[in-house]
Every structure is written in C-alpha cells, then in structure tokens.
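Given next are the chains, with one letter for each unit.
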Amino acid sequence: MSFNKKTIEDVQVNGKRVLVRCDFNVPLKDGVITDENRLVGALPTIKYLVENGAKVILCSHLGKDASKTLAPVAVRLSEMLGKEVVFARDEEVVGENARKAVADMKDGDVVLLENTRCRKEETKNGEELSKELASLCDIYVNDAFGTAHRAHSSTEGVTKFVDTAVCGYLIQKELKFLGEALENPERPFVAILGGSKVSDKIGVIENLLEKVDTLIIGGGMAYTFFKAQGYGVGDSICELDKLDLANELMEKAKQKGVKLMLPTDTKVGKEFAPDTESKIVSCKEMPDGWQGFDIGTDTIKEYVEEVKKAKTVIWNGPLGLSEFKQFAAGTDTMAETLANLTDCTTIIGGGDSAAAVERAGLSDKFTHISTGGGASLEFLEGKKLPGIECLQDK
C-alpha cells in the first residue's frame with residue numbers, strides 16, 4: 001500500500017475550522033501523564049495547523065469508557081505548545097461548552113474536546129455523534145494511527161459528513177515506513193515476531209512469508225512450533241489447536257525459500273515469578289514441570305548474526321517474558337543489536353516490543369517506532385485500515 005492519501009499540506013487550512021483526531025490515549029497516574037510519547041507524536045500536525053492560521057479542534061479517546069477525562073492532556077499540551085489549549089468539558093463531547101468554545105475561536109486557537117468514549121455510540125460508529133463532530137469543522141484530519149484499524153465515529157464515521165478529510169504527519173510517517181518496508185524493502189529483509197500466541201499473528205506470518213527473506217520466531221509462540229515437530233514443551237504456553245497450522249507455515253516457508261528460524265535452546269523457569277529458579281536447555285529436551293520464558297544464549301547468538309546481515313528489519317513482539325529481568329536477555333539483546341545497526345532500516349511494530357525499546361532508552365536509534373500496536377499488526381497482515389481508507393486520495 002503506497003502512500004496516496006491527501007495530507008494537511010494538500011489543503012488550504014487558513015481561517016478554517018479543522019477537527020483533528022489525535023491519539024491521546026496516555027497512561028495516567030493520579031491525574032499525571034506518565035508517558036508523553038503520544039502527545040509528542042501529535043505536536044508536528046498541531047503546530048503546522050496553528051502556524052498556518054487554522055482553528056484547531058482536537059479530539060481523542062482515553063481508556064475504554066467514559067471514566068477518564070482529557071483535562072490533564074489539555075494542561076500538558078498548553079505547556080508543550082506554549083499557548084492555551086481550551087478544554088471543552090462536555091459529558092456529551094459535542095455539547096454547549098464545545099460549541100461555544102469553537103464559535104469563539106480565532107485563527108491559530110486550539111480547543112480540546114472531552115474523551116470521545118463518553119459517548120456510547122463512538123465505538124459503534126453511531127451516525128448522530130459522527131454528524132455532531134462534523135458540524136464543528138470544515139476539514140477533518142485523522143492523525144491517530146493507533147486507532148486507524150477501528151471504524152469509530154471519530155475515526156471513520158465523521159468523514160461521511162465533511163467535504164474534506166485528510167491525514168496528519170503522524171499517519172503519513174507510519175504509512176511511509178511500514179508501507180515502503182512491505183512494498184519495496186532493501187534486502188535482506190528480516191522480520192522478527194514474538195509474543196505469546198501464534199493465533200494472534202497467523203495473518204502477519206502468512207503475509208510476511210510472501211515478502212521477507214528471513215522470519216525469526218521467538219516468544220511464547222515458538223513452543224507451538226516445537227510441539228508441532230513432536231518435541232516436548234514442559235508446561236510452556238502452547239496452542240494445541242494450532243499444531244497443524246504451525247506445520248503448514250513451516251512448509252510454506254520452505255516452498256517460498258524463506259529462512260524460518262526457531263530457537264535452538266530456551267531459558268526455562270519453575271514458575272511464573274521474577275525470581276523463580278531457571279536454567280537453559282535444548283529445545284529438543286525441555287523438562288517436564290518447567291516453562292519456557294526466553295530464548296537461550298545460543299539462539300540469541302544465531303538471531304543476532306542473522307539480523308546483522310539485514311538491510312530492513314521489522315520487529316513485533318518480545319522474544320521472552322521481558323518484564324522479568326532474568327527472562328529479558330533475548331528481547332534486550334535484540335533491541336541493542338538493532339539499535340546499533342548502521343546501514344539498515346529498523347522498524348518496531350508498536351506494542352510490547354516498542355515498550356522494551358523505550359525501557360532500554362534506545363528509541364531514538366530506530367528508523368521508526370510505530371505508535372499503533374493493533375493497527376500496525378493489521379497493516380502487516382495486509383488488511384485495509386478503515387480510519388485511513390476513508391481519507392481522500394491525492
């Protein structure tokens with residue numbers, strides 16, 4: 001999917017009311033934002049619109065329901081932008097306060113609406129909310145890649161009732177890096193997939209087998225592949241209903257000439273606890289009563305050697321139980337290795353692998369870190385994302 005959507009630079013925004021769907025779904029502790037990455041990601045689009053004389057109306061969801069307010073986001077954004085972000089506190093999102101705030105706007109002003117999930121119909125893509133959001137603006141901008149795989153009122157429904165719908169810089173950047181990697185990668189192209197379940201990544205594996213030179217498997221899903229080959233997996237996580245599928249995927253890799261790499265050794269623990277007893281064993285000889293929680297030292301070496309040859313790498317999902325320090329070696333070593341590659345495009349597909357890279361303080365050493373775990377997975381599967389499909393083509 002090459003990038004062919006109109007962006008904020010393709011439309012005249014001066015003097016126009018511009019509704020921007022951002023992703024301000026930030027973690028809060030006692031009303032304080034604990035991770036500001038998503039706010040930082042939204043700034044280039046907001047600043048461009050302010051500097052070009054638009055009346056900027058921001059909206060976003062926060063959490064799964066109406067229990068959280070975006071008030072702390074308005075405060076922090078005001079500080080980041082160096083100008084007041086007026087918070088329109090309406091339980092109905094588009095209420096009296098929002099309408100008045102928008103009516104009073106001058107060019108370059110910024111207003112933030114309340115959490116869109118205050119309205120039940122947001123997630124059902126209800127027409128009434130879509131129309132109300134559209135009534136506030138002349139132009140709609142989607143810049144929330146993290147929710148682009150969902151057809152909600154604020155991500156897709158609203159576009160049916162506006163004349164102009166384009167994307168912001170964040171979505172443009174996401175589609176550029178993910179799209180180019182899938183369509184026209186510099187080779188060798190290596191994909192690293194981790195996480196606990198094969199079932200979560202079936203579509204991704206199948207799509208990537210059409211495109212990559214090497215596919216590296218780690219995390220809990222590796223044990224399903226071992227079991228499929230007839231090895232014991234102890235008490236490790238294993239999807240018994242996916243063994244045939246694992247064999248089919250291994251066969252497909254062979255047919256396509258893709259090098260499919262599975263761990264050769266694994267670090268096992270007695271129980272699911274940070275300080276449990278642990279040891280490294282061959283993947284063909286996993287002991288009963290133990291669980292695999294990380295790739296072993298030999299596997300780490302093999303995987304590192306492979307990615308060092310790559311020119312393009314996409315990584316999605318941790319290679320072990322990386323939140324426990326003694327089972328984080330696989331994930332942490334991979335993060336460091338990729339961060340130090342000089343002549344290689346390195347892309348992290350959001351979610352837990354992005355968190356691991358941030359933990360290690362290596363974020364700025366990657367070519368691109370996706371802001372949307374679920375959205376980037378669906379994109380890697382080759383699915384169309386409703387929040388992007390609905391925007392106007394160039």
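Our subject is the structure that appears above.
Residues numbered from 1 in each chain as written. Predicted model: local features only at pLDDT ≥ 70, side-chain atom pairs only at ≥ 80, totals over all residues. Heavy atoms only, no water.

(A) Broad picture of the packing of aromatic side chains. The tally for this structure, following the rule as stated, stands at five aromatic pairs. Cation over ring: Lys176 sits above Phe177, and NZ or CZ is 4.6 Å from the ring centre. Directly above the aromatic system of Trp290 lies the positively charged group of Lys279, at a separation of 4.4 Å from the ring centroid. (Phe/Tyr/Trp six-rings, centres within 6.5 Å; stacked < 30°, edge-to-face > 60°. Lys NZ or Arg CZ within 6 Å of the ring centre and 35° of its normal.)

(B) Examining the nonpolar core more closely. Judged by nonpolar contacts, the single largest core of 70 residues is most densely connected at Leu19, Leu113, Phe145, Ile205, Leu215, Ile217 and Phe225. If we ignore the near neighbours within four places in the chain, the residues touching Phe145 are Ile171, Glu174, Leu175, Leu178, Ser370, Thr371, Gly372, Ala375, Ser376, Leu385 and Ile388. In this structure, Ile8, Phe24, Met80 and Leu112 belong to the second largest nonpolar core, which totals 34 residues. (Core = buried A, V, L, I, M, F, W, Y, C linked by side-chain atoms within 4.5 Å. Buried < 20%, exposed > 50% of the residue type's maximum accessible area, 1.4 Å probe, protein only. Contact = heavy atoms within 4.5 Å.)

(C) Layout of unusual backbone geometry. Here the amide bond leading from Arg187 into Pro188 is cis, since omega sits at 0°, within 30 degrees of zero. For Val93, which is not glycine, the phi torsion reads 70° and is therefore positive. If you trace the backbone, Val93 turns up in the loop between strand S5 (85-88) and helix H3 (96-103). Its identity is not glycine, yet Asn125 carries a phi of approximately 60°, on the positive side. On the secondary structure map, Asn125 appears in the loop between strand S6 (110-113) and helix H4 (127-135). (Helix = DSSP H or I, 4+ residues; strand = E, 2+ residues; numbered from the N terminus.)

(D) Structural detail: the environment of Asn247. Mapped onto the secondary structure, Asn247 falls in helix H8 (residues 243-256). We classify Asn247 as partly exposed; its relative accessible area is 34%. Separated by 20 residues in the primary sequence, Asn247 and Lys227 place their C-alpha atoms 9.8 Å from one another. At 3.4 Å, the side chain of Asn247 and the backbone oxygen of Ala228 are in polar contact. (Polar contact = N/O pair within 3.5 Å; in protein donor to acceptor, adjacent residues only side chain to side chain.)

(E) Inspection of the environment of Thr299 at higher detail. Tracing the chain through its elements places Thr299 in helix H9 (residues 297-308). Relative accessible area serves as the criterion here: at 0%, Thr299 is assigned to the buried category. Each C-alpha atom of the pair Thr299 and Ser282 lies 10.0 Å from the other, and the pair is 17 residues apart in sequence. Apart from the residues within four sequence positions on either side, Thr299 is in contact with Pro263, Thr264 and Asp265.

(F) How the structure looks around the side chain of His149. Checked against the element boundaries, His149 lands in the loop between strand S7 (139-142) and strand S8 (164-167). If near-sequence neighbours (up to four positions away) are discounted, His149 is found in contact with Gly374, Ala375, Glu378, Leu385 and Pro386.

(G) Summary view of the pattern of salt bridges. Per the counting criterion, the structure on display carries 22 salt bridges. Lys242 is paired through a salt bridge with Asp241; the nearest N and O atoms lie 3.2 Å apart. By relative accessible area, which is 18% here, Lys242 ends up buried. A salt bridge links Lys259 to Glu306, with the shortest nitrogen-to-oxygen separation between them at 2.8 Å. Here Glu306 lies in helix H9 and Lys259 lies in strand S11 (residues 259-261), a separation of 47 residues in the sequence. Looking at Glu306, the relative accessible area reads 8%, which means it is buried. (Salt bridge = Lys/Arg side-chain N within 4 Å of Asp/Glu carboxyl O.)

(H) Inspection of the sheet that holds strand S12 (residues 265-269) at higher detail. Strand order in this open sheet of three strands is S13-S12-S14, and the pairing throughout is antiparallel. Looking at which strands have only one partner, the edges of the open sheet turn out to be strand S13 (278-282) and strand S14 (291-295). Taking the axes of each pair of neighbouring strands and ignoring which way they run, one obtains an average angle of 40° across the sheet. Contacts from H9 reach S12, S13 and S14 within the one sheet, and its direction differs from that of S14 by about 35°. (Pairing = 2+ DSSP bridges. Axes fitted to C-alpha atoms, helices over the stretch in contact; angles between N-to-C directions.)

(I) Expanded view of the sheet that holds strand S17 (residues 368-369). Spatial strand order, S11-S10-S9-S15-S16-S17: six strands in an open sheet with parallel pairing. The two strands at the open ends of the sheet, each matched to only one other strand, are S11 and S17. Two elements, strand S9 (residues 189-193) and strand S10 (residues 214-217), share four bridges in a ladder whose sense is parallel. By the bridge assignment, Ile192 is partnered in S10 with Ile216.

(J) Representation of the packing of H9 against helix H10 (residues 329-339) in the model. Running from N to C, H9 and H10 cross one another at 20°; their axes reach a closest spacing of 10 Å. Judged by the angle between their axes, H9 and H10 are roughly parallel. Here H9 and H10 pass one another in a crossing that is right-handed. In contact with Ile300, Tyr303, Val304, Val307 and Lys308 of H9, H10 contributes Ala329, Gly330, Thr333, Met334, Thr337 and Leu338. In terms of residue class, the contact of H9 with H10 is made up of seven nonpolar, three polar and one charged. (Parallel < 35°, antiparallel > 145°, perpendicular 65-115°, else oblique. Left-handed = near helix turned anticlockwise from the far one by under 90°. Nonpolar A, V, L, I, M, F, W, Y, C, P; charged D, E, K, R; others polar.)

(K) Spotlight on the pairing of strand S1 (residues 17-21). Extensive coverage of S1 is indicated by the burial of four of its five residues. For S1 and strand S4 (residues 55-59), the ladder comprises five bridges, and the chain directions are parallel. Opposite Arg21, over in S4, you have Cys59 as the bridge partner. Across four bridges, S1 lies against S7 in parallel orientation. Across the sheet, Arg21 pairs through a bridge with Asn142, a residue of S7.

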